Amino acid sequence: DVYKRQDDGDVSAINSSIMGEVVKVEGLNQLTHMLGPEESTLIINYLGIKDYKCFFPQFENDDLKCRAAEFMEEADKTFDEGSWLSFVLMAGGVLESFLVDITDDKQSTFGNLIKQIEQKHLFSKEEIGVLRDASKARNLVHAGKFKKPYVSRGVAMSVRLTLEQMLRKDWHSIKTKNTHE
């Protein structure tokens with residue numbers, strides 16, 4: 001909440017809203033004028049994510065939204081611990097959820113969803129490359145894949161950055177482009 005000082009010295013909340021990365025505060029100019037520039041500081045405290053479903057407002061399917069949120073929460077925890085394979089497994093689940101949401105294809109594998117998206121040119125070549133890396137890394141859980149290289153911190157960082165980029169995309173435009181192709 002954002003607060004303003006009342007005439008009697010009391011402080012109460014003023015209208016504010018958060019839309020993506022934008023914090024909108026109505027009346028901030030009045031607040032600055034009332035308090036003076038030395039007392040007009042906007043402080044945003046971040047204590048963590050309360051509801052991971054908030055990352056996926058574009059998902060119309062509530063079950064998919066819930067599962068993506070569960071994957072996202074676990075991805076956050078494993079990234080913080082430096083568990084690179086575990087992180088890529090969970091982040092890959094989130095990335096696959098985006099593709100399922102875009103295509104409405106709940107039957108295809110992650111690899112086939114990536115091919116569909118690539119054919120429609122919905123993401124950059126770099127993003128497609130990271131999606132493929134995540135898909136390959138997810139297969140490392142099979143015991144017979146022990147000769148394949150393990151997930152490095154660099155791969156995990158690439159997946160993390162791509163995941164963050166995906167969260168910021170204009171999904172309405174992407175879905176519209178997908179349905180018109």
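Check the entry above for the structure.
Residues numbered from 1 in each chain as written. Predicted model: local features only at pLDDT ≥ 70, side-chain atom pairs only at ≥ 80, totals over all residues. Heavy atoms only, no water.

Q: Explain the environment of Leu-89 here, please?
A: The residue Leu-89 is located in helix H3 (residues 84-103) in this model. Residue classification places Leu-89 among the partly exposed residues on the basis of a relative accessible area of 21%. Between the C-alpha atom of Leu-89 and that of Asn-139, which follows or precedes it by 50 residues, the distance is 8.8 Å. If we skip the residues at most four places from it in the chain, Leu-89 touches Ala-137, Arg-138 and Val-141. (Helix = DSSP H or I, 4+ residues; strand = E, 2+ residues; numbered from the N terminus. Buried < 20%, exposed > 50% of the residue type's maximum accessible area, 1.4 Å probe, protein only. Contact = heavy atoms within 4.5 Å.)

Q: When you look at the nonpolar core in this model, what are you seeing that I'm missing?
A: Side chains of nonpolar character tend, in soluble globular proteins, to be buried together. Ranked by size, the top nonpolar core spans 39 residues in total, and within it Leu-95, Phe-98, Phe-123 and Leu-131 carry the most contacts. Elements with a minimum of two residues in this core: helix H2 (62-81), H3, helix H4 (110-119), helix H5 (125-138), helix H6 (153-168) and helix H7 (171-179). The dominant element in this core, judged by the number of residues it contributes, is H3, at eleven residues. With near-sequence residues (within four places) excluded, Phe-98 lies in contact with Phe-56, Gln-58, Phe-59, Leu-163, Met-166, Leu-167 and Trp-171. (Core = buried A, V, L, I, M, F, W, Y, C linked by side-chain atoms within 4.5 Å.)

Q: Would you take a moment to explain the packing of H2 against H6 for this structure?
A: A packed helix pair is summarised by two numbers, namely the angle formed by the two axes and the spacing between the axes. Between H2 and H6, the least distance of the axes is 12 Å, while the angle of their chain directions is 145°. The element H2 and its partner H6 pack so that their crossing is left-handed. When H2 is examined against H6, the residues Met-72, Asp-76 and Phe-79 are found in contact with a partner set consisting of Ala-156, Met-157, Arg-160, Leu-163 and Leu-167. Looking at the contact of H2 with H6, its residues break down into six nonpolar, no polar and two charged. (Axes fitted to C-alpha atoms, helices over the stretch in contact; angles between N-to-C directions. Left-handed = near helix turned anticlockwise from the far one by under 90°. Nonpolar A, V, L, I, M, F, W, Y, C, P; charged D, E, K, R; others polar.)

Q: Please clarify how the packing of aromatic side chains should be interpreted in this entry.
A: Think of a pair of aromatic rings as described by two things: how far the centres are apart, and how the planes are tilted against each other in angle. Taken as a whole, this structure holds nine aromatic pairs when the rule is applied. Centre to centre, the rings of Phe-56 and Phe-98 are 5.7 Å apart; their planes meet at 55°, and the pair counts as tilted. Note that Phe-56 is positioned in the loop between helix H1 (28-35) and H2 and Phe-98 in helix H3, a separation of 42 residues in sequence. One exposure class covers both Phe-56 and Phe-98, and it is buried. (Phe/Tyr/Trp six-rings, centres within 6.5 Å; stacked < 30°, edge-to-face > 60°.)

Q: Help me understand the side chain of Glu-96 in this model?
A: Among the structural elements, Glu-96 can be located in helix H3. Given the relative accessible area of 18%, Glu-96 is considered buried.

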